[in-house]
Amino acid sequence: MLDIKYIRENADLVQKNADNKRMKVNIAALLALDDRRLALLKEVEEIRKERNEIADKMKSVSAEERPGLIERGKALKDSVAHKETEYEAVASEWKTALLAIPNMTHPDTPIGASDEENVEKKVFGEVPSPPFTPKSHVELAEELDLIDFERGAKVAGAKFYFLKGKLALLEQALTQWVMKLMVAEGYVPMITPDLAKDAVLVGTGFNPRGPETQIYSIENADLSLIGTAEIPLGGYHMNEVIEEDKLPLKYVGLSHCFRTEAGTYGRESYGLYRVHQFSKVELFIFAAPWQSEALHEELRRLEEMVFQKLGLVFRTVDICTGDLGGPAYRKYDLEAWMWGKGGWGEITSTSNCTDYQARRLNVKVRRKDGSLEYAHTLNGTAAAMSRALIAIMEQYQNADGSITVPEALIPFTGFNRIG
RNA sequence: GGAGAGGUGGCAGAGUGGUCGAACGCGCCGGACUCGAAAUCCGGUAUACCUUCACGGGUAUCGAGGGUUCGAAUCCCUCCCUCUCCGCCA
């Protein structure tokens with residue numbers, strides 16, 4: 001959410017920014033709505049003022065004057081109720097429109113319409129040319145009995161799966177390894193709830209219900225299954241004021257992630273690449289405004305470190321405006337080489353949301369001089385298990401169809417080879 | 001899940017229909033005293049929004065939402081959370 005005052009004063013910039021992000025918003029319409037809302041607010045407050053004055057007079061007034069005042073009070077009660085209803089209707093529409101306005105964008109972010117205009121920043125390693133035809137993780141898993149998609153579908157439906165045998169252990173090893181790595185970097189380890197209240201979803205910028213949602217919600221309850229630990233970690237300090245010298249607060253959270261992924265069948269969702277449930281280790285930072293830009297670079301560096309330590313071939317991409325999404329001020333993705341896709345596949349993502357998320361979540365910083373301002377929030381994937389497993393399986397496969405375990409994970413698996 | 005108690009400012013804690021945005025205390029900030037500090041004394045000390053060049057003025061907020069009333073922190077209803085006991089369970 002942007003500050004309405006900022007929008008009023010920078011209407012053109014905000015409109016241009018939304019256009020760059022390929023988001024259909026109408027700033028002029030929002031500002032017209034804002035005017036109506038403020039006019040109604042004034043009317044409501046005027047009536048309430050008179051109501052309060054009458055209530056105040058009642059304390060000292062003579063018996064003869066009381067009935068008149070009571071009558072006047074009754075009339076005001078009706079008119080305030082009407083005006084409030086009118087105001088609420090406009091305010092609600094206003095809020096919806098305001099929430100749809102995307103965050104501003106980093107000046108260095110490439111302008112572009114879609115992911116095709118993302119800018120490659122750096123390639124780590126070289127795409128190998130093995131002396132055999134590399135298999136996809138689905139083929140490898142089939143031959144080594146590592147993932148059971150069929151029975152996953154039987155038990156929970158399409159795009160659910162069982163991780164099996166050494167692959168199940170490999171995921172646990174990866175989880176433990178990456179958690180410990182991040183703890184060593186100063187991040188506080190957390191295992192989060194896998195469900196969150198709608199208010200937390202909305203606060204973090206997710207839409208829990210409605211036709212466009214990617215979120216599973218619980219019927220007859222104010223709860224949804226989280227799509228990422230960003231949701232509970234962002235909600236962790238919701239409605240809090242954090243002292244300046246406590247910042248930044250850095251967390252590394254493990255959770256299950258649930259996504260409906262409606263309408264995404266096809267090549268882009270092959271195997272483990274796009275599934276309804278996976279586990280993920282997520283980094284989340286609450287920062288002071290002047291810290292966030294450097295911390296975003298830190299998150300990118302940490303993500304790159306993880307995949308370098310795993311010995312994977314990947315590249316870092318600077319996400320362009322059209323692919324950025326609403327909350328992000330700037331975003332980097334890491335993409336690993338995936339034989340099954342025949343190209344790069346996203347494995348992690350890190351965003352600087354500046355104060356956009358904090359404003360919704362109502363997380364503030366108290367400066368040393370006592371003043372308050374909204375915090376900045378950042379998030380980044382340390383490791384999304386399903387996609388990291390794809391990269392490992394496909395890049396670490398051998399000519400005989402076996403898979404070598406990355407060196408770094410062997411202390412956590414206890415074995416160095418699958419198959 | 002059942003029974004009971006409770007949720008008020010940064011903390012602690014009064015307040016049971018108007019004199020309450022809210023006592024007293026602690027903390028914090030400023031000042032006095034002091035060579036300096038402690039102690040003491042004096043003053044200040046919630047948030048959001050609207051309005052004003054400014055001083056200021058206004059509206060809302062006592063867990064959340066709704067209701068009663070001319071008027072609600074206070075009365076009623078629903079929900080959430082915390083504590084104690086019981087049941088159940090990993």
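For the structure itself, consult the block above.
So, here's what we can say about the structure.

Scoring rules and cut-offs
- The numbers attached to residues start from 1 for each chain and follow its sequence in the written order.
- Chains carry letters from A onward and ligands carry numbers from 1 onward, assigned in written order.
- Restriction of local features to residues with pLDDT of at least 70 applies here, the model being predicted, together with a cutoff of 80 or more for giving and counting side-chain atom pairs; totals for whole chains, interfaces and linings are based on all residues.
- Water and hydrogen atoms play no part in the side-chain values, which are based on all heavy atoms of the structure.
- We define proximity as follows: a residue is near a molecule or strand when any one of its heavy atoms falls within 4 Å of that partner.
- As used in this structure description, the phrase polar contact means that two N or O atoms lie within 3.5 Å; if the pair is within protein, one of them must be able to donate a hydrogen and the other to accept it, and residues adjacent in sequence are counted only when both atoms belong to side chains.
- The secondary structure listing takes helices from DSSP runs of H or I that are at least 4 residues long and strands from runs of E that are at least 2 residues long, numbered from the N terminus.
- Side-chain classes are defined by residue name, with Ala, Val, Leu, Ile, Met, Phe, Trp, Tyr, Cys and Pro counting as nonpolar, Asp, Glu, Lys and Arg as charged, and the others, Gly among them, as polar.
- A pair of strands is labelled paired if DSSP reports no fewer than 2 bridges between them.
- Note on method: axes are straight lines fitted to C-alpha atoms, helices fitted across the in-contact stretch only, with angles between N-to-C directions ranging 0 to 180 degrees.
- Criterion for a salt bridge: a side-chain nitrogen of Lys or Arg within 4 Å of a carboxyl oxygen of Asp or Glu.
- A 1.4 Å probe rolled over the protein chains alone gives each residue an accessible area, and that area as a share of the maximum for its type sets the label: buried under 20%, exposed over 50%, partly exposed in between.
- In what follows, residue pairs with any heavy atoms lying within 4.5 Å of each other are defined as contacts.
- The criterion for an aromatic pair is that two Phe, Tyr or Trp rings (for Trp, the six-membered ring) have centres within 6.5 Å, with stacked assigned to planes under 30 degrees apart, edge-to-face to planes over 60 apart and tilted to the rest.
- When the NZ atom of lysine or the CZ atom of arginine is within 6 Å of a ring's centre and also within 35 degrees of its normal, the charge is said to sit over that ring.

**Let's talk about the protein's contact with RNA strand B**
RNA strand B sits among 20 residues. The nearest are Arg51, Ala55, Met58, Lys59 and Lys74. Sugar plus phosphate, as a fraction of atoms of RNA strand B within 4 Å of the protein: 75%. Between arginine 8 and RNA strand B, the recorded distance is 3.5 Å, taken from a side-chain N or O atom to a phosphate oxygen. When contributions to the surface near RNA strand B are tallied by element, the ones reaching two or more residues are α1 (4–9), α3 (27–57) and α4 (66–99). For the surface near RNA strand B, a count of residues per class yields six nonpolar, two polar and 12 charged.

**Details of the sheet that holds strand β7 (residues 240–243)**
The strand order across the open sheet built from three strands is β7-β13-β14, with neighbouring strands paired in mixed fashion. Sheet topology places β7 and β14 (372–374) at the edges, where each strand pairs with a single neighbour. Here the average twist between neighbouring strands, direction ignored, is 35 degrees. Looking at chain direction, strand β13 (residues 363–366) and β14 are connected through three bridges and run antiparallel. When the bridges of β14 are listed, valine 365 appears paired with glutamate 373.

**Considering the pattern of salt bridges**
Two side chains of opposite charge can pair, provided their charged atoms sit close to one another. Evaluation of the coordinates by the stated rule reveals 22 salt bridges. A salt bridge links glutamate 86 to lysine 83; the shortest N-O distance between them is 3.3 Å. Pair noted here: glutamate 86 and lysine 83 are both in helix α4, with a separation of three residues, about one helical turn. Between lysine 164 and aspartate 145 there is a salt bridge, with its nearest N and O atoms 3.1 Å apart. Taken together, the positions of lysine 164 in the loop between β3 (162–163) and α7 (165–184) and aspartate 145 in the loop between α5 (137–144) and β2 (147–148) put the pair 19 residues apart, joining distant regions of the chain. Residue classification places lysine 164 among the partly exposed residues on the basis of a relative accessible area of 31%. When salt bridges that share partners are traced, they join Arg8, Asp34 and Arg37 into one network.

**Considerations on the sheet that holds strand β4 (residues 188–191)**
On the basis of which strands lie adjacent, the open sheet formed by eight strands has the order β1-β10-β11-β12-β15-β9-β8-β4 and mixed pairing. Either end of the sheet is taken by a strand with one partner, and the two such strands are β1 (119–124) and β4. Each strand of the sheet is rotated relative to its neighbour by a mean of 25 degrees, with strand direction disregarded. Relative to strand β9 (residues 277–287), strand β8 (residues 249–258) runs antiparallel, the two sharing 10 bridges. Residue pairing across strands places lysine 250 opposite isoleucine 285, the latter belonging to β9. Those strands touched by helix α10 (residues 292–309) are β1, β8, β9, β10 (314–318), β11 (330–338), β12 (343–352) and β15 (376–384), and its axis lies near 150 degrees from that of β12.

**Regarding the packing of aromatic side chains**
Tallied over the full model, the rule gives eight aromatic pairs. With 5.7 Å between their ring centres and 85 degrees between their planes, tryptophan 337 and tryptophan 339 make a pair best called edge-to-face. Through pairs of rings, three or more aromatic residues link up here, namely Tyr236, Tyr251, Phe284 and Phe286. Just above the ring of phenylalanine 415 sits the side chain of lysine 166; from NZ or CZ to the centre is 4.9 Å. One residue, arginine 300, lies across the ring of tyrosine 332, its end atom 5.3 Å from the ring centre.

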